[in-house]
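Now for the letters of each chain:
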Amino acid sequence: MKSWRRSLQASGPRPELPNPLNTSDPGRAEPLDPNPLELDPSHAEARPLAFQWSLLAWAGLVGVLTGFAVVGFHELLGFINNVLFGPGVELLLHLIGDSQPPPPLVEMVALPADDGTPLKALLQIGLGGLGFVPPPPVPVLPDPLPAQPLLLSWLASWPVVLVPLVGGLGVGLLRFFGGDLGPSLPSLMAMADGSVKAAAKVPLLRLVAASLSMGSGASLGPEGPSVESGGNIGLWIASRCGLSPSNQKALVAAGVSAGLAAGFKAPIAGVFFAFEGSYSTIPGRPSVRAVLVAAVSSELVTQLCLGDEPIFRLPAYEVRSPLELPLYLGLGLVASLMSWALVAVLAAGRSDRVQRQLARLPAWLVTGLGGLGVGLMALGFPQVLGVGYDTIEALLGSNGGIALTTLLALLLVKLLATGLSSATGFVGGGFAPALFLGAVLGNCYGQILGDSGFHLPVAEPPAYAMVGMAAVLAGSARAPLTALLLLFELTHDIRIVLPLMAAAGLSAALVERWQGIADPGLLGPDPLEEERRRHLAGLAVAEALEPEAPLVLEASTPAASALDQLLAAHGHCLLVEQADWVISLVTLSDLQRAINAEPQEGLDLAACRRSDLVWLPSGANLAQLEDQLSPNGLRQLPVFDLAVPAPAVLPLGVPRGGLPLAALRGLASRDGMARALARSRRQALEAPSRAGTQDIEDIQQGI
């Protein structure tokens, strides 16, 4: 048997420390009371439960304030929308002197006064032009007017271009004069953790900017500002009250759950989103209780102020046959591609290269040009304006009567409009565009399977549209449970759960496989986190190797003996080899579980393996080491000196050629990564002083 473990030096017995309670010490007058709490009844009554109740009270306050903030946000958004697309458009037409009569479709699909907004009416006009709304009978006129060319009818809709332009200029000026809108969602947890100085702001300016953005037609969603507002409120209260970092995390998570619960009227989805996103480091049961209290409080405020009607109405889910489940898996595959496209477009707009080019122009001009671009797209597809919930309702009630070419074009235009709105500085979230794209994609998929394609006996396209909404949201937001529960809360139909689980789970898994677990998805990058990751990627994994040689044992070694050797080596894991080939990694907890479950003399190391071998080639970097350690719950992993190119997908398991023991270089660990970062930081601090000393020496030699 080959062993890489260094021989341990025997250590002598530890010296006994003096007992401070020993009365024989000459320096002590009298002994300390061994149980002082018994002398003070007030101390005996102390309970940690009171502190937890205090945290719940703060969480309830965060939920109530977030609920009122979201209610005010929705009211302001509706008011701006009505003003800009109602009296605003009429004022523009009056100033220009446009006396052309409105198109006939305006009167044919007019909405009741209490059931819509001017933008909703405009969207239905566009939906009628695309075939969403059945055309009414054409009236017979005694003196028919000559038909106008299509180009002139488009030019008559020029206010659709001007309103987003005006809104973009307003958002740009608000950013210019108002300054920073406050920390975004990816930065809040770092501030709550204490790694970044807390700079929470009351989200008034952010909500006003978001209302103006979406009220003027920016292709974004209201859930992002709602969630960010809740997180900022939670961090603001926690920092003002001097709570500990762990409780600051809990209140930030409570605000996040309250924001999503109030924004979508879905408290269960809000709770899961708080723990499924980048907030998974929140510890302890008190945090779970705080998140629940905040979600319930915000949802109660929202229902009392805005009613209990869902944000949009979904039809009843229709099941034709259980054999359709594989078809929903196909929808999950297609939805993963759409999720990847949405995240890629948003990331391209936020990239340093694009932002450097846009930074050459004034901020108000950048957002104005972005609004102009969205308005030009709205000339042909007015559905891209605003949040898009009205279009989703129309898709879910259309029964597949929409041309596929029109839907495919709408997919592309909506994707571009969302990327342009995000890149040019409009304020909003990505959940609503993801739901929009998922509904359109699912409708297309259902039509291809049904009457417009293969003529299979499947459910109607609206059923696939609902599942497509959850699948695209799950893949782009990296939150499959949130997407599943959100659609379930909106439909209240248990029959939709199985297709949702299949499509959403597959979509999220594929996107994570393609882009890695570190990609932030719809939430966007945290600049500090991106800088840290770039620093990790610049350091080789060899910098994080442990100085001690790893413990390598044969597969036939008894488990009890392996446990004793691992404890003696003060290690966390060992490698199992067979015929000079490394076959598995066994941790200390794996050995303990196996011995407790099967206390047998014949239990060997080969039976203690609980997972596939996680390893890295010697050419990897510390960012890849972090990506391997974190999701697998490991503290150490082996590094092999193999000629493997930098993989896009991190290695897992033993490759076909095997992992030779001779190529083992050592174990890379979390502690080694921390030491490598500390050395790098110290070298960076010493570099200026060394450079200054070298300059002085050069000058002296020159003299």
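Residues take numbers from 1 onward in each chain, read along the sequence in its written order. Whole-chain, interface and lining totals are the exception, using all residues; otherwise, since this is a predicted model, local features are given only for residues with pLDDT of at least 70 and side-chain atom pairs are given and counted only at 80 or more. No hydrogens and no water enter the side-chain calculation; it runs on all heavy atoms of the structure.

(A) Representation of the overall build of the protein. Each helix corresponds to a stretch of at least 4 residues labelled H or I by DSSP, and each strand to a stretch of at least 2 residues labelled E; elements are numbered beginning at the N terminus. Of the regular secondary structure elements, the protein holds 27 helices and 7 strands. The buried share of the protein, taken over its 703 residues, is 45%. Contacts are residue-level and defined by heavy atoms, with any inter-residue pair within 4.5 Å sufficient. Pairs at least 24 residues apart make up 79% of the contacts formed inside the protein by residues separated by at least 6 positions. Shrake-Rupley sampling with a 1.4 Å probe provides the accessible areas, and residues are treated as covered by the protein chains on show and by no other component. Counting only carbon and sulfur atoms, one obtains 62% of the accessible surface of the protein, whose full area is about 34,800 Å². Exposure is judged per residue with a 1.4 Å probe applied to protein chains only, and the accessible area is read against the type maximum: over 50% gives exposed, under 20% gives buried, and values in between give partly exposed.

(B) The nonpolar core, seen in detail. As used in this record, nonpolar core signifies buried Ala, Val, Leu, Ile, Met, Phe, Trp, Tyr and Cys residues forming a set joined through side-chain atoms within 4.5 Å. Of all hydrophobic cores here, the largest spans 113 residues; its most connected members are Ile392 and Leu473. Counting residues in hydrophobic clusters, the runner-up holds 31 residues, among them Val552, Cys573, Leu616 and Leu629.

(C) Just the pairing of strand 3 (residues 581-587), in detail. When you tally the buried positions in strand 3, you get 5 out of 7 residues, the bulk of the element. Strands are treated as partners if at least two bridges between them are detected by DSSP. Counting the residues in the hairpin turn of strand 2 (residues 573-578) and strand 3 gives 2 residues, including alanine 579, whose phi is positive at 55°. In terms of strand pairing, strand 3 meets strand 6 (residues 659-660) through 2 bridges, oriented antiparallel. Bridge pairing in strand 6 places tryptophan 581 opposite proline 660.

(D) The pairing of strand 7 (residues 664-669), seen in detail. Judged by how many residues are buried, strand 7 sits mostly within the fold: 5 of 6 residues are covered. In this structure, strand 5 (residues 636-640) lies alongside strand 7, joined through 5 bridges in antiparallel fashion. Along strand 7, the bridge assignment pairs phenylalanine 640 with leucine 664.

(E) Layout of the packing of aromatic side chains. Pairing of aromatic rings covers Phe, Tyr and Trp, the last counted by its six-membered ring, and requires centre-to-centre distances within 6.5 Å; plane angles under 30 degrees mean stacked, over 60 mean edge-to-face, and any other angle means tilted. On inspection of all chains with the given rule, the structure shows 6 aromatic pairs. On the basis of an interplanar angle of 85° and a centroid distance of 5.0 Å, the ring pair of phenylalanine 176 and phenylalanine 177 is categorised as edge-to-face. The pair phenylalanine 176 / phenylalanine 177 is uniform in exposure class, with both members exposed. A centroid spacing of 5.6 Å and a plane angle of 85° characterise the contact between phenylalanine 273 and phenylalanine 431, whose relative ring orientation is edge-to-face. Taken as a pair, phenylalanine 273 in helix 12 (residues 267-276) and phenylalanine 431 in helix 19 (residues 431-449) lie far apart in primary sequence, 158 residues in all. Among the aromatic side chains, those forming a connected cluster through ring pairs are Phe264, Phe273 and Phe431. Placement of a charge over a ring requires the Lys NZ or Arg CZ to be within 6 Å of the ring centre, with the centre-to-atom vector within 35 degrees of the ring normal. A cation sits over an aromatic face here: lysine 414 above phenylalanine 436, 4.6 Å from the ring centre.

(F) The sheet that holds strand 6, seen in detail. Spatially, 4 strands are ordered 1-2-3-6 in an open sheet, and the strand pairing comes out mixed. The open sheet terminates on both sides in strands that have one partner only, identified here as strand 1 (552-554) and strand 6. Relative to strand 3, strand 2 runs antiparallel, the two sharing 6 bridges. Paired with leucine 574 across the two strands is valine 586, which belongs to strand 3. Along the sheet face, helix 25 (residues 588-597) touches strand 2 and strand 3 and points at about 75° away from the line of strand 3. Axis definition: a line fit to C-alpha positions, over the contact stretch in the case of helices; interaxial angles, taken between N-to-C directions, run 0 to 180 degrees.

(G) Inspection of helix 21 (residues 480-491) at higher detail. To estimate how far a helix should reach, multiply one less than its number of residues by 1.5 Å. Given a rise of 1.5 Å per residue, 12 residues ought to cover 16 Å, and the 17 Å separating the end C-alpha atoms of helix 21 matches this to within 8%. Among the residues of helix 21, Thr482, Ala483, Leu484, Leu485, Leu486, Leu487, Glu489, Leu490 and Thr491 are the ones counted as buried. Residues of helix 21 that are buried in the fold lie against helix 11 (245-264), helix 12, helix 19, helix 20 (461-477) and helix 22 (497-515).

(H) Local environment of the confidence of the model for the protein. Known as pLDDT, the predictor's confidence for each residue is given on a scale from 0 to 100. Taken over all residues, the pLDDT of the protein has a mean of 77, while the share at 70 or more is 74%. The weakest mean pLDDT in the protein belongs to helix 4 (residues 104-108) at 34; the strongest belongs to strand 7 at 93. Residue range residues 98-118 is modelled with pLDDT below 50. Its contacts to residues more than four positions away, or to other chains, number 23 contacts. Counting contacts from residues 699-703, a segment whose pLDDT is below 50, to residues more than four positions away or on other chains yields 0 contacts.

(I) Quick peek at unusual backbone geometry. Positive phi, normally seen in glycine, also occurs at arginine 478, with a value near 55°. By the element assignment, arginine 478 lies in the loop between helix 20 and helix 21. A positive phi is found at alanine 579, a non-glycine position, where the angle reads about 55°. Looking at where alanine 579 falls in the secondary structure, it is placed in the loop between strand 2 and strand 3. For alanine 579, a relative accessible area of 63% corresponds to the exposed category.

(J) Structural context of the environment of serine 339. Checked against the element boundaries, serine 339 lands in helix 14 (residues 325-350). Separated by 172 residues in sequence, serine 339 and valine 511 place their C-alpha atoms 7.3 Å apart. Those residues within four positions of serine 339 in sequence are excluded, and the remaining contacts are Ala471, Val472, Gly475, Ser476, Ser507 and Val511.

(K) The sheet that holds strand 5, seen in detail. Sheet architecture is open: 3 strands sit in the order 4-5-7, paired in mixed fashion. Since the sheet does not close on itself, it has two edges, and those belong to strand 4 (616-617) and strand 7, each with one partner. Its contacts with the sheet place helix 26 (residues 622-632) against strand 4, strand 5 and strand 7, and it is angled at close to 135° to strand 5.

(L) Main features of a nonpolar patch on the surface. Candidate patch residues must exceed 30% relative accessible area and have no salt bridge, after which like charges are joined if within 9 Å and Val, Leu, Ile, Met, Phe, Trp or Tyr side chains if within 5 Å. Basic side-chain nitrogens of Lys or Arg form a salt bridge, by our definition, when they fall within 4 Å of a carboxyl oxygen of Asp or Glu. A cluster of nonpolar side chains, contributed by Leu173, Phe176, Phe177 and Trp364, occupies part of the molecular surface with about 480 Å² of accessible area. With respect to the element layout, phenylalanine 176 can be found in helix 7 (residues 159-178).

(M) Spotlight on the environment of glutamine 447. For glutamine 447, the position within the fold is in helix 19. Distance from glutamine 447 to glutamate 460, taken between C-alpha atoms, is 7.8 Å for residues 13 residues apart in sequence. By the criterion applied in these results, polar contacts are pairs of N or O atoms within 3.5 Å in which, for protein atoms, one can donate a hydrogen and the other can accept it, and in which residues neighboring in sequence qualify only through two side-chain atoms. In this structure the side chain of glutamine 447 is engaged in a polar contact, spanning 2.9 Å, whose partner is the side chain of asparagine 443.

(N) Structural context of helix 9 (residues 204-215). The end-to-end C-alpha distance of helix 9 is 16 Å, a good match for the 16 Å that 12 residues give at a rise of 1.5 Å each. Among the 12 residues that make up helix 9, 9 are buried, leaving the element largely enclosed by the rest of the structure. Those residues of helix 9 not exposed but buried are Arg206, Leu207, Ala209, Ala210, Ser211, Leu212, Ser213, Met214 and Gly215. Directly beyond the C-terminal end of helix 9, a positive phi value near 115° is found at glycine 217.

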